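Structural characterization, general
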Amino acid sequence: MLSSQVDARAKRQAFRAGLESGRLQRFPGAFTPLTAPLIQELGFEGAYISGAVMAAELGLPDIGLTTLTEVVQRGHQISRMTDLPTLIDADTGFGEPMNVARTVHELEDAGVAGLHIEDQVNPKRCGHLDGKEVVSADVAAQRIAAAVKARRDPGLVIMARTDVRGTVPGEQGLSLAVDRAKALEAVGADAIFPEAMQSLAEFEAIRAAVKVPILANMTEFGKSRLFTHEELEGVGVNLVIHPVSLLRIAMGAIERGLVDLRDSGTLDGQLDGMQTRARLYELNDYASYSAFDQTLFDFEVPGTHE
Ligand SMILES: C[C@](O)(C(=O)O)[C@H](CC(=O)O)C(=O)O
Ligand SMILES: [Mg+2]
């Protein structure tokens, strides 16, 4: 009821244990707070909080227009709805190293278990688009070092994302990504997010280069086909995110539903595909609120079906 009873420190320990377990940690992107309890109930190990989704939901492109305050609020709203660890997208860290430190404090207070900071320049763009630019290895390292130094809970997972792979084609791009991953590990990154890998062999190359856990981003319509969990675990990937997937699924259904409504004048034909009222109330845990105070909450609405 209201929010998770598991405190943030315990979630961070669970996240770290999962990353060390040798099993792939599966983090679908919780595109609204309501999806977080569903992700938990269905047995996933954690939930991802995507910057691309936050921007898209606000009707904005993913080019660093969202503010730290908005991202922190979203991180809190989602993290409090689940006992699972959450990993949040902190984009480029919202500024210079001192801003990165502030970002870390704010996100710690929001209750996330981990965050990733990337090495793109501002304005940043989706990691699977062409024409990206990255900052120098020194600046990238400064961002991560600042984040590591700033955290108050040593359990908070600071993940370094490198976008360098997409800036140079072919083998050379991969070798730059390997070098950058090593450099970011050396300044204290707890995990590496190699963005826009093009094959399983590329994940293997990063895996071989660093000791810390690595993440695979299985975003749709990106730079690679969608590898299965088994394939990713097979090459030693520790964590997979499906960052924008639930938004894409929902928006696909919404568009089909709206077209049907416009053309037929009723949504009766859509009922089978809709989440029922009963299922929604289960996710919202209405029963606990009723048990807490029956004088305030009475959800026996006469005439309500499912
Ligand atoms: C992971 C990501 O940073 C996100 O914000 O979710 C995006 C996802 C996407 O745009 O598909 C990314 O840059 O890969
Ligand atoms: Mg992002």
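Conventions adopted
- Residues numbered from 1 in each chain as written.
- Chains lettered and ligands numbered in written order.
- Predicted model: local features only at pLDDT ≥ 70, side-chain atom pairs only at ≥ 80, totals over all residues.
- Heavy atoms only, no water.
- Helix = DSSP H or I, 4+ residues; strand = E, 2+ residues; numbered from the N terminus.
- Buried < 20%, exposed > 50% of the residue type's maximum accessible area, 1.4 Å probe, protein only.
- Lys, Arg positive; Asp, Glu negative; His and termini not counted.
- Salt bridge = Lys/Arg side-chain N within 4 Å of Asp/Glu carboxyl O.
- Contact = heavy atoms within 4.5 Å.
- Near = heavy atom within 4 Å.
- Nonpolar A, V, L, I, M, F, W, Y, C, P; charged D, E, K, R; others polar.
- Domains from an automatic or database assignment.
- Buried area = accessible area lost by both parts, 1.4 Å probe.
- Pairing = 2+ DSSP bridges.
- Axes fitted to C-alpha atoms, helices over the stretch in contact; angles between N-to-C directions.

**Things to note about the side chain of Asp62**
Tracing the sequence through the fold places Asp62 in the loop between α3 (51-57) and α4 (68-79). Despite its burial, Asp62 pairs with no opposite charge; the closest candidate is Lys124, at 4.1 Å N-O. Beyond its immediate stretch of four places on either side in the chain, Asp62 contacts Gly51, Ala52, Ala55, Lys124, Arg125 and Cys126.

**With respect to unusual backbone geometry**
Omega for the peptide link from Asn122 to Pro123 comes to 0°, which places this bond in the cis form. Not every positive phi belongs to a glycine, and Ala196 is a case in point at roughly 60°. Summarising the element assignment, Ala196 is placed in the loop between β6 (191-194) and α8 (200-209). Positioned with a positive phi, Asp285 is a non-glycine residue whose angle comes to about 60°. Here Asp285 shows up in the loop between α11 (277-283) and α12 (286-292).

**A word on the site of ligand 1**
Within the structure, ligand 1 sits among 15 residues, and Ser50, Ala52, Gly127, Glu195 and Thr219 are positioned closest to it. Here the residues of the shell around ligand 1 sort into five nonpolar, six polar and four charged.

**Some points on the domain arrangement of the protein chain**
Structurally, the protein chain comprises domain 1 (8-243) and domain 2 (250-292). Taking the mean C-alpha position of each, domain 1 and domain 2 sit 31 Å from one another. In this complex, domain 1 contributes five residues to the contact, which on the side of domain 2 involves five residues. Carbon and sulfur atoms supply 67% of the area that domain 1 and domain 2 bury against each other, a total of about 450 Å² over both sides. The largest share of the area that domain 1 buries against domain 2 comes from Leu34, Leu38 and Glu41, three residues that together contribute 71% of it. Scanning the region where domain 1 abuts domain 2 turns up one salt bridge.

**With respect to the sheet that holds strand β8 (residues 239-242)**
Here three strands make up an open sheet; going across it, the order is β1-β8-β7 and the pairing parallel. Across the chains shown, the open sheet's two edge strands, defined by having one partner strand only, are β1 (25-28) and β7 (215-217). The average angle at which neighbouring strand axes cross in this sheet is 20°, direction not considered. Sheet analysis places β1 next to β8, joined by four bridges and oriented parallel. Within the sheet, the bridge partner assigned to Arg26 lies in β8 and is Val240.

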